[in-house]
Amino acid sequence: MKVTKKTRKSHYWNEDRFIIGKDFFMVIDGATPLIKSPDLNEACWMVNYIKKNISKYNGLVTNRLLKLAEDGYYALPTDKSADTIPSASASWIEFDDTYFYASVLGDCEVTFITYDNQIVRVHLCDLNRLDTIALQQMVAIAREKNIHNLDARKYISDTLIRHRKMINKPNGYTAFTLSPTPMLTPNTIKIKREKVKTIYLYSDGFSQAYEHLCIYNNHEEMFSKELDIAEEIKKIEKTSFSDPYCDAYPRFKIIDDITVIKIENN
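What counts, and at which threshold
Residues numbered from 1 in each chain as written. Predicted model: local features only at pLDDT ≥ 70, side-chain atom pairs only at ≥ 80, totals over all residues. Heavy atoms only, no water. Salt bridge = Lys/Arg side-chain N within 4 Å of Asp/Glu carboxyl O. Helix = DSSP H or I, 4+ residues; strand = E, 2+ residues; numbered from the N terminus. Buried < 20%, exposed > 50% of the residue type's maximum accessible area, 1.4 Å probe, protein only. Pairing = 2+ DSSP bridges. Contact = heavy atoms within 4.5 Å. Phe/Tyr/Trp six-rings, centres within 6.5 Å; stacked < 30°, edge-to-face > 60°. Lys NZ or Arg CZ within 6 Å of the ring centre and 35° of its normal. Core = buried A, V, L, I, M, F, W, Y, C linked by side-chain atoms within 4.5 Å.

Peer 1: Before we move on, can you summarise the pattern of salt bridges with the specific residues and values?
Peer 2: One pass over the full model with this rule turns up 13 salt bridges. The residue Asp 71 makes a salt bridge to Lys 67 at a minimum N-O spacing of 3.7 Å. Placement of both Asp 71 and Lys 67 in helix α2 (residues 61-75) is noted, with a separation of four residues, approximately one turn of the helix. Residue classification places Lys 67 among the partly exposed positions, given a relative accessible area of 36%. Across the pair Lys 225 and Glu 232 runs a salt bridge, and its minimum N-O distance is 3.8 Å.

And the structure:
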């Protein structure tokens, strides 16, 4: 397999990570907690902790993550109340001699391209559904107050907090979080290795290309061709910074962290 990976941070810190394991590949997108520590970026700490320690465990990635969620909870060097615990979306690929197994949490995704040009998308809709509700509120407030969309974000803080508190709860969304009693319910599929030409694992900073920035009309259009991931990130950068107030393309920030792994199965 030929593996290409790239991450682009949106600030001087980066809450995304990629992990290249012996029998798995993973992308993680950390989310800052509701209450932030003045001395620590908890999301960066957590994704670093996962990347550093996941290969110390054996077995399926889900089981490794459950162990990391518990161990990381006790290792987190800040207060451990619910509002100060970081969380993360993730996507990962595991494989044996016969199958690829793809799993996703939150709004990270996996896309398979088969040798007969089928596009197989592995994703979850719950977090995007909640984000759409918040975005619609933000746009409506911006119009009402005659301000930029990005300037209206502060008025939807209660909605964003309410949605964040729905992590791993009914009618909420599933994601990774640190906990003394962790739970994970990823969406998982398997596909025969012999059918797969290319695999992409990516954070939502990459899926912005078709979710919000209209670089592509939809997922299928984007992945209907072979992607140069560095060139695609440049397109996202150019479009994002051409709309600094998020008026043309409503979103919560100008640009997000972007992480992609491309696997050519040859």
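Continuing now.
Peer 1: Before we move on, could you go through the pairing of strand β4 (residues 87-95) and cite the residues and values that matter?
Peer 2: Consecutive side chains of a regular strand alternate in pointing toward one face of the sheet and then the other. Within β4, nine of the nine residues are buried, leaving the element largely enclosed by the surrounding structure. Because side chains alternate across β4, one face comprises the buried residues Ser 87, Ser 89, Ser 91, Ile 93 and Phe 95, and the other comprises Ala 88, Ala 90, Trp 92 and Glu 94, equally buried. Looking at chain direction, strand β3 (residues 24-31) and β4 are connected through eight bridges and run antiparallel. Its bridge partner lying in β4, Phe 24 is registered against Glu 94. Examined bridge by bridge, β4 and strand β8 (residues 176-177) share two bridges and lie antiparallel to one another. If you follow Ala 88 over to β8, its bridge partner there is Phe 176. Note: β4 against strand β5 (residues 99-105), six bridges, orientation antiparallel. Within the sheet, the bridge partner assigned to Trp 92 lies in β5 and is Ser 103.

Peer 1: Explain the environment of Lys 5 residue by residue, including any values.
Peer 2: Of note, Lys 5 is situated in strand β1 (residues 2-8). Taking the relative accessible area as the measure of exposure, Lys 5 reaches 42% and is therefore partly exposed. Along the backbone, Lys 5 and Ile 229 are 224 residues apart, and their C-alpha atoms lie at a distance of 8.1 Å. When near neighbours in sequence (up to four residues on either side) are disregarded, Lys 5 contacts Phe 18, Ile 229, Val 260 and Ile 261.

Peer 1: Quick one: what's the story with the packing of aromatic side chains, residue by residue and with numbers?
Peer 2: Per the stated rule, a full pass over the model turns up 11 aromatic pairs. Taking the centre distance of 5.9 Å and the plane angle of 50° together, the rings of Tyr 99 and Tyr 101 count as tilted. A residue is classified by how much of its surface remains accessible, and Tyr 99, at 21% relative accessible area, is partly exposed. Overall, Tyr 101 belongs to the partly exposed group, its relative accessible area being 25%. Where Tyr 202 meets Phe 223, the ring centres are 5.5 Å apart and the plane angle is 25°; that geometry is what we call stacked. Separated by 21 residues along the polypeptide, Tyr 202 in strand β10 (residues 196-202) and Phe 223 in the loop between α6 (219-222) and α7 (229-241) bring together distant segments of the chain. With a relative accessible area of 1%, Phe 223 lands in the buried category. Through a chain of ring-to-ring contacts, the aromatic side chains of Tyr 200, Tyr 202, Phe 206, Tyr 210 and Phe 223 assemble into a single cluster. Between the NZ or CZ atom of Lys 190 and the centre of the ring of Tyr 99, over which it lies, the distance is 4.4 Å.

Peer 1: Kindly report on the nonpolar core, identifying the contributing residues and their values.
Peer 2: Of all hydrophobic cores here, the largest spans 24 residues; its most connected members are Met 26, Ile 50, Ile 54, Leu 65, Phe 176 and Leu 178. Counting only elements with at least two residues in this core, the list comes to β3, α1 (42-53), α2 and β4. Residues Val 27, Leu 124, Ile 199 and Ile 261 belong to the second largest nonpolar core, which totals 19 residues.

Peer 1: Outline the environment of Asp 29, supporting the account with residue identities and numerical values.
Peer 2: Mapped onto the fold, Asp 29 is located in strand β3. Judged by relative accessible area, which is 9%, Asp 29 ranks as buried. A C-alpha to C-alpha distance of 5.3 Å links Asp 29 and Ala 88, two positions 59 residues apart in sequence.

Peer 1: How would you sum up unusual backbone geometry? Please name residues and give values.
Peer 2: Residue Asn 146 is not a glycine yet carries a positive backbone phi of 55°. The topology assignment puts Asn 146 in the loop between α3 (126-145) and α4 (157-164). Although it is not a glycine, Cys 246 sits at a positive phi angle of roughly 60°. Relative to the helices and strands, Cys 246 is located in the loop between α7 and β11 (258-264).

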